[in-house]
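Observations on the three-dimensional arrangement
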Amino acid sequence: MILLILSITTTRAAFLSLLVPGAGDIALGNKDRGIKFIVAEGLIWAGYGVYTYLGSDIRKEYLNFAVIKAGANPGRNDETYLDAMEWYRSIDDYNTYIRQLARQMYPDTTDTTVLNMRRDFINSHSISDEYSWRWYSEDDFEKYVLLRKRSRHYLGTATTIASLAIVNRLVSFIMTTYVSENVSLNISPKGVKFTWRF
């Protein structure tokens, strides 16, 4: 009967660790290990917040920069539009590429079906004059590209950091469920040390 109660308690503690890493350890009396998981969780989300803020802040910067320096339309900020400004100096260059691509995909022919498909492709992928832009300065264009890359780097790093929260939960869950006092987890500036005494 005692073993059954211990099993249920451990199981509940393990699932508690999935919600809040370390909470299950603390519930079972392993306070030191539990606190380490909680500290790790806090650092993870702090890092996520910092990199998300940096990436979003730079995104606002390059959006305003494109409006001021290239005459971009501030009412549109989808990735298709922003990518186009990153790869092409002007809307004319971009739309010319779309027409060339359409001609490659749907070559000249007397078949009206193919010609209609070419026209539909051009109409659906071209950008209207309402969203025109032109980079007059090569330096401005390169700065915009650099800001875009930097923003993607920060936001990508934030996503990577957030994934560590899943790892933290899984490790906490496993250690709460299966691991005894023979296992220790030490977090220090030098890294994470995992010890298992046989």
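Residues numbered from 1 in each chain as written. Predicted model: local features only at pLDDT ≥ 70, side-chain atom pairs only at ≥ 80, totals over all residues. Heavy atoms only, no water.

1. Considerations on the overall build of the protein
From N to C terminus, the protein includes seven helices and two strands. Order of helices (α) and strands (β) in the protein, N terminus to C terminus: α-α-α-α-α-α-α-β-β. For the protein, buried positions account for 33% of its 198 residues. Summarising the internal contacts of the protein: among those between residues at least 6 apart in sequence, 64% fall at separations of at least 24. Split by element, the accessible area of the protein, about 12,800 Å² in all, is 61% carbon and sulfur. (Helix = DSSP H or I, 4+ residues; strand = E, 2+ residues; numbered from the N terminus. Buried < 20%, exposed > 50% of the residue type's maximum accessible area, 1.4 Å probe, protein only. Contact = heavy atoms within 4.5 Å. Areas by Shrake-Rupley, 256 points an atom, 1.4 Å probe, with all protein chains shown as cover.)

2. Describing helix α3 (residues 31-70)
Residues spaced three or four apart along an α-helix point in a common direction, a consequence of the helix completing one turn every 3.6 residues. For α3, built from 40 residues, the straight-helix expectation of 58 Å at 1.5 Å per residue is met to within 8% by its first-to-last C-alpha distance of 57 Å. Gly71 sits one or two positions beyond α3 and adopts a positive phi of about 70°. (Expected span 1.5 Å × (residues − 1).)

3. Quick word on the packing of α3 against helix α7 (residues 138-178)
Packing of α3 against α7 leaves a shortest axis separation of 8 Å and a crossing angle of 160°. Taken together, the axes of α3 and α7 are roughly antiparallel relative to one another. Pair α3 / α7 crosses with left-handed handedness. (Axes fitted to C-alpha atoms, helices over the stretch in contact; angles between N-to-C directions. Parallel < 35°, antiparallel > 145°, perpendicular 65-115°, else oblique. Left-handed = near helix turned anticlockwise from the far one by under 90°.)

4. What to know about the packing of aromatic side chains
Using the criterion set out here, one finds 13 aromatic pairs in the structure. Among the aromatic side chains, those forming a connected cluster through ring pairs are Tyr81, Tyr88, Tyr94, Tyr97, Tyr131 and Trp133. (Phe/Tyr/Trp six-rings, centres within 6.5 Å; stacked < 30°, edge-to-face > 60°.)

5. Points about the nonpolar core
Counting 26 residues, the largest nonpolar core has Tyr62, Tyr81, Met85, Ile127, Trp133, Trp135 and Tyr144 as its most contacted members. Every element with two or more residues in this core is listed here: α3, α4 (79-87), α5 (91-105), α6 (112-125) and α7. No other element matches α3, which puts six residues into this core. Discounting chain neighbours no more than four positions away, the residues touching Trp133 are Ala70, Ala72, Tyr81, Ala84, Met85, Tyr88, Arg89, Ser90, Ile91, Tyr94 and Ile127. (Core = buried A, V, L, I, M, F, W, Y, C linked by side-chain atoms within 4.5 Å.)

6. Regarding the environment of Ala70
As for its position among the elements, Ala70 is in helix α3. With a relative accessible area of 6%, Ala70 lands in the buried category. Considering only alpha carbons, one finds Ala70 and Ser132, 62 residues apart in sequence, at a separation of 8.7 Å. Filtering out sequence-adjacent residues up to four positions away, Ala70 remains in contact with Phe65, Trp133, Arg134 and Trp135.

7. A closer look at α7
If you check α7, its first and last C-alpha atoms are 60 Å apart, about what 41 residues at 1.5 Å a residue would give, namely 60 Å. At the N-terminal boundary of α7, the capping side chain belongs to Ser137, with an oxygen 3.2 Å from the backbone nitrogen of Asp139. (Polar contact = N/O pair within 3.5 Å; in protein donor to acceptor, adjacent residues only side chain to side chain.)

8. What to know about the confidence of the model for the protein
Across the protein, the average pLDDT comes to 87, with 85% of residues at 70 or higher. Low pLDDT, under 50, characterises residues 1-8; the predicted model gives this stretch zero contacts beyond four residues in sequence or across chains. (pLDDT = per-residue confidence, 0-100.)

9. Let's talk about the pattern of salt bridges
For the structure on display, the rule yields 13 salt bridges. Residue Arg134 is joined to Asp92 by a salt bridge in which the shortest nitrogen-to-oxygen separation is 3.1 Å. Taken together, the positions of Arg134 in the loop between α6 and α7 and Asp92 in helix α5 put the pair 42 residues apart, joining distant regions of the chain. The class for Asp92 is partly exposed, based on a relative accessible area of 43%. One network of salt bridges, with partners in common, ties together Arg59, Glu79, Asp83, Glu86, Arg148 and Arg152. (Salt bridge = Lys/Arg side-chain N within 4 Å of Asp/Glu carboxyl O.)

10. Some thoughts on the side chain of Ser17
With respect to the helices and strands, the residue Ser17 is situated in helix α1 (residues 2-19). Taking the relative accessible area as the measure of exposure, Ser17 reaches 0% and is therefore buried. Of note is the side chain of Ser17, whose polar atom sits 3.0 Å from the side chain of Thr176. Ser17 has contacts with Gly22, Ala23, Gly24, Asp25, Arg169, Ser172, Phe173 and Thr176, leaving out every residue within four places of it along the chain.

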